[in-house]
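Observations on the three-dimensional arrangement
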Amino acid sequence: MSKIYERLEKCYECFKSKIDFEPDVALVLGSGLGDFADGIKIEAALDYRDIEGFPVSTVQGHKGRFVFGYVGEVKVVIMQGRVHYYEGYKMEDVVLPVRLMKMMGAKVLLLTNAAGGVNRDFHAGDFMLISDHINMAPSPLIGENADELGVRFPDMSNIYDRDLRDIVRNTAKDLGIPLQEGVYIQLTGPNYESPAEIRMVRTLGADAVGMSTACEAVAANHAGLKTVGISCISNMACGITDKPLTHAEVQETADKAAPLFKKLITESVIRLGKAL
Ligand code: HPA
């Protein structure tokens, strides 16, 4: 058995010994969105620190727990807070939670994040359906392959599943919520980018920039977990305005956008669940 799978099984056994719940849809909540989980019908919660071998996040504003419950009739597991590569974890740690949620039974993964707007047509407070990504951080699949999860050289031609994207796009349309669409680029962070780096990533075809998500989506695809992602454009990226960027601003815009974002996510989850 691969070392990765061995560790995952330990985490899974730990989860199983404490919680009796099999989710259908898994969600990861980005900056400012964490309290979405507090508003659902909660059945159980599990602090990351209570799972043996589980990486624990250190970022302010990121709570560290799984919440299990119902959005409408849909059984969900929600990651209230994620771990990031820039915190110093190995990529294997960063994507462990996503793999674990797949083991819990999740069939669909909805990733959310706060991201900087690279596309000049975007505005702070916009939402962007992720059509594809560029992963500039190391692949989470480097090292021994977990054959139990997926193949050594997995295809990445449909990372953000077309059918799931259709569902989210239609949901936004029906709710009257404007939704941009574009390519997300993951850099390592934790520093925000320089103006020259933003010009570079725009040239490369990125519409939004962030420090998470792409690696999680790669691991999910590797494990056969269908994925869809939505960014909240919390700020325009460096160099577009001449105001220095702060985490407080990112958080504040994400907080402001949260009520609408929650609406979009709630209805999207309900429809994603129905489509299973
Ligand atoms: N750059 C990188 N990550 C981010 C940004 C940004 O401008 N905003 C929110 N996350």
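Relevant structure appears above.
What comes next concerns the included structure. (Residues numbered from 1 in each chain as written. Predicted model: local features only at pLDDT ≥ 70, side-chain atom pairs only at ≥ 80, totals over all residues. Heavy atoms only, no water.)

**Regarding the site of the ligand**
The condition that has to hold: Working definition: residue near molecule or strand if any one of its non-hydrogen atoms lies within 4 Å of it. In protein, a polar contact means a hydrogen-donor-capable atom and an acceptor-capable atom, both N or O and within 3.5 Å, with residues adjacent in sequence counting only if both atoms are side-chain atoms; elsewhere, any N or O pair within 3.5 Å suffices. We count a stretch as a helix when DSSP gives it H or I for four or more residues in a row; a strand needs E for two or more, and each element gets its number in order from the N terminus. In this classification, Asp, Glu, Lys and Arg are treated as charged, Ala, Val, Leu, Ile, Met, Phe, Trp, Tyr, Cys and Pro as nonpolar, and every other residue, Gly included, as polar.
In the neighbourhood of the ligand, the contacting residues comprise Ala 114, Ala 115, Gly 116, Tyr 192, Glu 193, Val 209, Gly 210, Met 211, Ser 234, Asn 235, Leu 245 and Val 250. Glu 193 is positioned with one of its side-chain polar atoms (N or O) 2.8 Å from a nitrogen atom of the ligand. Asn 235 is positioned such that a nitrogen or oxygen atom in its side chain is 2.7 Å from a nitrogen atom of the ligand. At the level of secondary structure, the elements contributing two or more residues to the shell around the ligand comprise strand E5 (108–117), strand E8 (208–210) and strand E9 (226–236). The residue inventory of the shell around the ligand, partitioned by class, reads 7 nonpolar, 4 polar and 1 charged.

**With respect to the state of the cysteines**
Under the convention used in this document: Pairs of cysteine sulfur atoms within 2.5 Å are identified as disulfides in what follows. Each residue's exposure class comes from its accessible area (1.4 Å probe, protein chains only) as a fraction of the maximum for that residue type: buried when under 20%, exposed when over 50%, partly exposed otherwise.
Within this structure, the stated rule accounts for 0 disulfides. We note that Cys 14 lacks a disulfide partner, and the nearest cysteine sulfur, in Cys 11, lies 7.2 Å from it. On the basis of relative accessible area, Cys 14 is assigned to the buried category, the value being 14%. With no disulfide of its own, Cys 238 lies closest to Cys 232 among cysteine sulfurs, the gap being 19 Å.

**A look at the packing of aromatic side chains**
Defined as follows: When two rings of Phe, Tyr or Trp (its six-membered ring) have centres within 6.5 Å they constitute a pair, described as stacked for plane angles under 30 degrees, edge-to-face for angles over 60, and tilted for the intermediate range. Over a ring means this: the NZ of a Lys or the CZ of an Arg is within 6 Å of the ring centre and within 35 degrees of the ring normal.
Evaluated as defined, the whole model comprises 9 aromatic pairs. Ring geometry for Tyr 12 against Phe 15: centres 5.8 Å apart, planes inclined by 45°, an arrangement best described as tilted. With Tyr 12 and Phe 15 both in helix H1 (residues 3–18) and 3 residues apart, the pair spans about one turn of that helix. Assessed through its relative accessible area of 0%, Phe 15 is described here as buried. Chaining the aromatic ring pairs together yields one cluster made of Tyr 12, Phe 15, Phe 21, Tyr 48, Phe 54, Phe 66, Phe 68 and Tyr 70. Geometry around Phe 21 places Lys 75 over its ring, the cationic atom sitting 4.9 Å from the centre.

Any functional reading would require information that these geometric values do not contain.
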